[in-house]
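Below are the chains, spelled out letter by letter.
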Amino acid sequence: MYKKDRGEAVRGKGRGAALFEVLLVSVKLGLTSFGGPIAHLGYFHNEYVQKRKWMDERNYADLVALCQFLPGPASSQVGIGIGVIRTGLLGGIVAWLGFTLPSVIALVFFALLLQGMDISQAGWIHGLKITALAIVAHAVLGMGQKLAPDAKRATIAAVAASVILLWQNPFSQVAVIAAAGLAGLWLYREDSQGEKTRQLKVPISRRAGAGCLILLFILLVALPLLRTAIASPALALFDSFFRSGALVFGGGHVVLPLLEQEIVGSGWVSKSVFLAGYGAAQAVPGPLFTFASYLGMMAYGLGGAVIATVGIFLPAFLLVIGALPFWSTLRGNPRAQAALIGVNAAVVGILAAAFYNPLWTSTVREPADFVLAMILFVMLNFWKCPPWVIVLAGAAGGALAAAA
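For clarity, every value in this text was computed on a predicted model and none was experimentally measured.

Quick notes on the rules
- Residues numbered from 1 in each chain as written.
- Predicted model: local features only at pLDDT ≥ 70, side-chain atom pairs only at ≥ 80, totals over all residues.
- Heavy atoms only, no water.
- Phe/Tyr/Trp six-rings, centres within 6.5 Å; stacked < 30°, edge-to-face > 60°.
- Helix = DSSP H or I, 4+ residues; strand = E, 2+ residues; numbered from the N terminus.
- Buried < 20%, exposed > 50% of the residue type's maximum accessible area, 1.4 Å probe, protein only.
- Lys NZ or Arg CZ within 6 Å of the ring centre and 35° of its normal.
- Contact = heavy atoms within 4.5 Å.
- Axes fitted to C-alpha atoms, helices over the stretch in contact; angles between N-to-C directions.
- Left-handed = near helix turned anticlockwise from the far one by under 90°.
- Nonpolar A, V, L, I, M, F, W, Y, C, P; charged D, E, K, R; others polar.
- Expected span 1.5 Å × (residues − 1).
- Patch = residues over 30% accessible without salt bridge, like charges linked within 9 Å, V, L, I, M, F, W, Y side chains within 5 Å.
- Areas by Shrake-Rupley, 256 points an atom, 1.4 Å probe, with all protein chains shown as cover.
- Salt bridge = Lys/Arg side-chain N within 4 Å of Asp/Glu carboxyl O.
- pLDDT = per-residue confidence, 0-100.
- Polar contact = N/O pair within 3.5 Å; in protein donor to acceptor, adjacent residues only side chain to side chain.

**Student:** Let's hear about the packing of aromatic side chains: which residues, and what values?
**Tutor:** On inspection of all chains with the given rule, the structure shows 16 aromatic pairs. With centroids separated by 5.9 Å and ring planes inclined at 25°, the aromatic side chains of Phe-238 and Phe-242 adopt a geometry described as stacked. One end of the pair is Phe-238 and the other is Phe-242, both in helix α10 (residues 233-247) and four residues apart, which spans about a single turn. Ring centres of Trp-268 and Tyr-300 lie 6.4 Å apart, and the angle between their planes is 70°; on these two criteria the pair is classed as edge-to-face. Within this pair, whereas Trp-268 is found in the loop between α11 (255-264) and α12 (271-281), its partner Tyr-300 is found in helix α13 (residues 291-323), the two being separated by 32 residues in sequence. Assessed through its relative accessible area of 15%, Trp-268 is described here as buried. One aromatic cluster is present, formed by Phe-110, Trp-124, Phe-274, Tyr-278, Phe-291 and Tyr-294 through successive ring pairs. For the cation-ring pair, Lys-152 lies above Tyr-188, with the distance from its terminal atom to the ring centre recorded as 4.6 Å.

What follows is the structure, given as structure tokens:
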């Protein structure tokens, strides 16, 4: 059925026309998809499944499950997967470009606006930092209710947060995720039944998938070694963003501590510049991982923006293309599901640690800061205001507080 549908799409319109259609649809989504990864999945479902019938409900659910299982930006990976299933590997690249570029362009222009300015004492910049605090608090609460709802998973989350805060090390997050996977395997193996496998049909062979996963592993090992041997700022920048994109579970917000450690810790940008960009990234549509484009621009100009963007998203491509041919077998494995339960709980703890440091420790300096953060949190969590409204309110509140 799949081969027939895909063949009809290519033969009826021509491969170039089919790719152009994927590009147009993904650009539309990149310009209008506000609200974070969960909202993005809703937009994708409406456009790709309900409106255009490019996938059925079953295959879309399978693809979303795979991308939630993998590290990296889940919504971007779903978009890449849909492009691959629709028109092959080139379709995945086109779908990613369309969905990602609007956000990249907006954040690069924001970086240009800030370059050459002394923003350390600007009230509206401090307001953006408080906005980031409210948004991450909202994410911690939502993820905690879903991923750590019982005593065992809450304990995993608390231990993960404690280790991240007390063990400041480049390998701490990787170690926490690995340990949480083992804990989940031990605690939840009997609770995880494994889902019946469904055939998600993709134009990628198992050999090609395995090659992508091997390349990912080689790059993870080789890039830090090359970075040590070769004094190249471009290589160092690419390595930092590549590892951040490859090792973060839980989506955009959880990349915050990894990037803060890599980018601020390396001295490429200041903490104020980092947090201002993170706040601004909430106001644009598309994936939150395009925050990397802003950071690269602030560190090394337009070339840095390109390197950072490619570096942080390349693991998403390799993981999706590598895992798609094996997903039906993997998702039916109770051991894999049990380990994922532990990893997801640890993700909550990692994000809670980021909420405290660097966000809380560098942002809440006086009662007015806490009051503004509380107002923004209520607007976001209870009044359900869209993120761009929260960003504007935070910047305005910070400016007013500074002028008072």
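**Student:** A description of the environment of Leu-372 should follow, citing residues and the corresponding values.
**Tutor:** Within the secondary structure, Leu-372 sits in helix α16 (residues 367-381). The class for Leu-372 is buried, based on a relative accessible area of 13%. Residues contacting Leu-372, with those up to four places away along its chain left out, are Ile-130, Gly-394, Gly-397 and Gly-398.

**Student:** Describe the packing of helix α6 (residues 123-147) against α12, naming the residues involved and giving the relevant values.
**Tutor:** It is the contact of α6 with α12, at a shortest axis distance of 8 Å, that shows an interaxial angle of 60°. Where α6 crosses over α12, the two elements pack in a sense that is left-handed. Of the residues in α12, those touching α6 at Ile-125, Leu-128, Lys-129, Ala-132 and Val-136 are Ser-272, Leu-275, Ala-276, Tyr-278, Gly-279 and Ala-280. Of the residues belonging to the contact of α6 with α12, the class tally is eight nonpolar, two polar and one charged.

**Student:** Any chance you could break down helix α2 (residues 15-32) for me, citing the residues and the numbers?
**Tutor:** With 18 residues, α2 ought to run about 26 Å at 1.5 Å a step, and its terminal C-alpha atoms sit 26 Å apart, in line with that. For α2, every residue scored as buried is listed here: Ala-18, Leu-19, Glu-21, Val-22, Val-25, Ser-26, Leu-29 and Gly-30.

**Student:** Can you lay out the packing of α12 against α13 for me, pointing to particular residues and giving the numbers?
**Tutor:** At a minimum axis separation of 9 Å, α12 and α13 run at an interaxial angle of 145°. For the pair α12 and α13, the crossing hand works out as right-handed. Note on element contacts: α13 touches α12 through Phe-291, Tyr-294, Leu-295 and Met-298, opposite Val-273, Phe-274, Ala-276, Gly-277, Tyr-278 and Ala-281. Class assignment of the residues belonging to the contact of α12 with α13 gives a composition of nine nonpolar, one polar and no charged.

**Student:** Just give me the short version of unusual backbone geometry, but keep the residues and values in it.
**Tutor:** Most of the time, phi is negative for any residue but glycine, and the peptide bond is trans. One non-glycine residue, Lys-53, lies in the positive phi region at around 60°. Following the sequence through the fold, Lys-53 ends up in the loop between α3 (37-51) and α4 (57-69). The phi angle at Lys-384 is positive, at roughly 60°, despite the residue not being glycine. Residue position: Lys-384 is located in the loop between α16 and α17 (387-403).

**Student:** So what's going on with a nonpolar patch on the surface? Which residues, and what values?
**Tutor:** Residues Phe-20, Leu-23, Leu-24, Leu-89, Leu-90, Ile-93, Leu-97, Leu-101, Ile-105, Phe-109 and Leu-112 make up a contiguous nonpolar surface patch of about 970 Å² in total accessible area. Secondary structure elements with two or more residues in the nonpolar patch: α2 and α5 (74-114). In terms of residue count, α5 provides more of the nonpolar patch than any other element does, eight residues in total. Its location among the elements puts Phe-20 in helix α2. Judged by relative accessible area, Phe-20 falls into the partly exposed class, the value being 48%.

**Student:** So what about the confidence of the model for the protein chain? Which residues, and what values?
**Tutor:** Taken as a whole, the protein chain shows an average pLDDT of 86; of its residues, 91% reach a score of 70 or greater. The secondary-structure element of the protein chain with the lowest mean pLDDT is helix α1 (residues 2-13), recorded at 48, while α13 shows the highest, at 96. Below a pLDDT of 50 lies the segment residues 1-9, which in the model reaches 16 contacts outside its immediate sequence neighbourhood of four places, other chains included.

**Student:** Describe in detail the side chain of Thr-290, supporting the description with residues and values.
**Tutor:** Along the polypeptide, Thr-290 turns up in the loop between α12 and α13. Within the structure, Thr-290 has its side chain in polar contact with the side chain of Ser-103 (distance 2.4 Å).

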